[in-house]
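Observations on chain architecture
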Amino acid sequence: MKITAAVTESKGASFELRELELGEPRPDEVLVKVVAAGICHTDLICRDQWIPVPLPAVLGHEGAGIVQEVGSAVTGFVPGDRVAMSFHSCGVCPTCRTGRPSYCYEFFEHNFGASRPADGSSALDPVHGHFFGQSSFATYAIANERNLVKVDSAIPLEVAAPFGCGIQTGAGAVLTTLAVPAGASLAVFGTGAVGLSAVMAGVIAGCTTIIGVDLNPARLELARELGATHLVDVGKQEAREAIAAITGAGADFSLETTGSPQVLRQTVDCLAPRGICGVIGAPAFGTEVSLDVNTILTGGRTVRGIVEGDSVPQLFLPKLVRLWQQGRFPVERLMTHYDFDRIDEGASDAEAGRVIKPVLRMQ
C-alpha cells in the first residue's frame, strides 16, 4: 500500500516526506494507521548517528493509532483497536522471560537495527523500517504484537502517543526501577519530557523533596507547577552544593536525563550515603565519564542504568493512563502539536528548547 513517511536520508539530514510502498504484515505483525507520534530525543540522535542506525530510514518510536489489519498468528488485537506503540523485544531471552524486556539480550537488533531481526528485511524496502518495531514517522506502520498496547478510549491518541517511550521512561524510573518510597528526596537533572515525567511520578510516589535541576528558567518553573518542591538553576548555582543545602546530607535518589557526562558526575556527587543514581540520558556511543571511586565506595552509593523505566508496557502504560484520567499525571502540559508536514519544525523547536515534547498529528 502507498503511505507517506518522513525519511532520514543521511546523517543530520532533514526529515523528507515521501510516498513509499509499505509491504503486507507478516503472520506475527500488525498494520497500524498512525494518528500521532511523539518526537523523542532518541529519534534525533539516531538521525545524527550518535547511535549507528542504518540509513536511509523511517524513524519514530512513540506512535499511536488504529489497528487496520492483523497477521494470522496475532491473537491479542483486532482491527479497530486503539493502540500505543512502544519498544520491541525478543520475548525469549532470560530478561524478557523474567519481565524485564527493556534489557532484552537483543534490544539493539529489535529497536535500532531498522529491519526485521529474523532476516534483515524491511517492509519499506529499499528504505530501512521497523525502528523500535514501528517506524511511526509515517501514516501507516508495521508493528508487532509484543510492542503494542491497547489504549483506553478516554485518552486522545495524540496525548497517549509519547507514553510509549519518554514518558514511561521518566515515570517508570521513579515508580518501577528505583521504587522511590514516600518521604524520600529526589533530584532530577534535566527538566525535559523525561525529567518532568519523573517529577510528576515523584509526586505520585509521595516524595517530600523533589528538586528540579536545569539551565532553562521556563522549564524549571513548569517543574515547580508539576510538583517540584525546590529548583536549582545551574546557571546561577552549583548543583551539588545547592542540593546539600536543601537536603542536609544529599539526595536519596537522583536521575540524570541529559546525556551529559559532566551532568552525570554532578548527579552522582549530589547523593546522600547509600543514595542511588539512575542514568537515563543517552550520549553518543563510546562516551565515557569520570567518577570519584571513593564517593561511590565509602558512601555505598549506586549508579544504575535505566532503559524504558524497566517497564512492561502492556502493564505500565494503562496505569499511567489511569493516573492521567484522575488528573494526577498531566503530561499534556509538556506537549506541543504539529501537523506531520511540520516535522522538521517540531524537531528544531525541541533541540532549541522552545518546546518540551513535540507531537505529530499524521492526518
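What you see as residue numbers is a count from 1 along each chain, following the sequence as written. pLDDT decides what is reported in this predicted model: residues at 70 or higher carry local features, side-chain atom pairs at 80 or more are listed and counted, and totals for whole chains, interfaces and linings draw on all residues regardless. The side-chain numbers reported here are obtained from all heavy atoms of the structure, hydrogens and water having been left aside.

What about helix α12 (residues 343–351)?
Note on exposure labels: buried denotes an accessible area under 20% of the residue type's maximum, exposed denotes more than 50%, and partly exposed covers the range between, all computed with a 1.4 Å probe on protein chains only. Numbering of helices and strands starts at the N terminus; helices are DSSP runs of H or I of at least 4 residues and strands are runs of E of at least 2. Looking at α12, one finds that the buried residues are I343, G346, A347 and D349. Seen end-on, α12 carries its buried residues on one side only, within an arc spanning 165 degrees. Of the surrounding elements, those touching the buried residues of α12 are β1 (2–8), β2 (15–21), α1 (41–47), β15 (335–339) and β16 (357–361). Downstream of α12 by one or two residues, G353 has phi in the positive range, about 80 degrees. Throughout, the arc means that of the directions going from the helix axis to the C-beta atoms. Note on definitions: a residue-residue contact is assigned when non-hydrogen atoms from the two residues lie within 4.5 Å.

Observations regarding helix α6 (residues 193–205)
Over its 13 residues, α6 extends 18 Å from the first C-alpha to the last, a length consistent with the 18 Å expected when each residue adds 1.5 Å. Of all 13 residues making up α6, 11 are buried, and the element is well covered by its neighbours. Turning to α6, its buried residues are A193, V194, G195, L196, S197, A198, V199, M200, A201, G202 and A205. Count one or two residues on from α6 and you reach G206, which has phi positive near 95 degrees. A helix's residues, less one, multiplied by 1.5 Å, set its expected span.

So, the layout of surface pockets
A cavity here means a set of 1 Å grid points, computed over protein atoms only, where a 1.4 Å probe fits but cannot escape. A pocket is an open set with protein on both sides within 12 Å along at least 5 of 7 lines, and lining residues have an atom within 4 Å of a point. Grid points are joined across faces, edges and corners, and a volume is the space filled by probe spheres set on the points. A volume near 290 Å³ is recorded for the second largest pocket. Along its surface, the second largest pocket is lined by 18 residues, and D28, E29, H88, P117 and N144 are the ones closest to its centre. Classification used: nonpolar for Ala, Val, Leu, Ile, Met, Phe, Trp, Tyr, Cys and Pro, charged for Asp, Glu, Lys and Arg, polar for all others including Gly. For the lining of the second largest pocket, the per-class residue count stands at five nonpolar, seven polar and six charged.

Comments concerning the environment of G235
Mapped onto the elements, G235 comes out in the loop between β11 (230–233) and α8 (239–247). Each C-alpha atom, one on G235 and one on G170, is 24 Å from the other, the two residues being 65 residues apart in sequence.

Side note on the pairing of strand β3 (residues 29–38)
Of all 10 residues in β3, eight are buried; the element is thus mostly enclosed. Bridge count for β3 against strand β7 (residues 140–144) is five bridges, and the pairing is antiparallel. Note that in β7 the partner of K33 across the bridge is Y140. The pairing criterion for strands is at least two bridges between them, as found by DSSP. Where β3 meets strand β5 (residues 63–70), seven bridges bridge the pair, whose relative direction is antiparallel.

Considering the state of the cysteines
Pairs of cysteine sulfur atoms within 2.5 Å are what we label disulfides. Enumeration according to the criterion identifies zero disulfides in this entry. Free of any disulfide, C207 has its nearest cysteine sulfur in C270, 13 Å distant. Looking at the unpaired C270, the closest cysteine sulfur is the one in C277, lying at 7.4 Å. Judged by relative accessible area, which is 2%, C270 ranks as buried.

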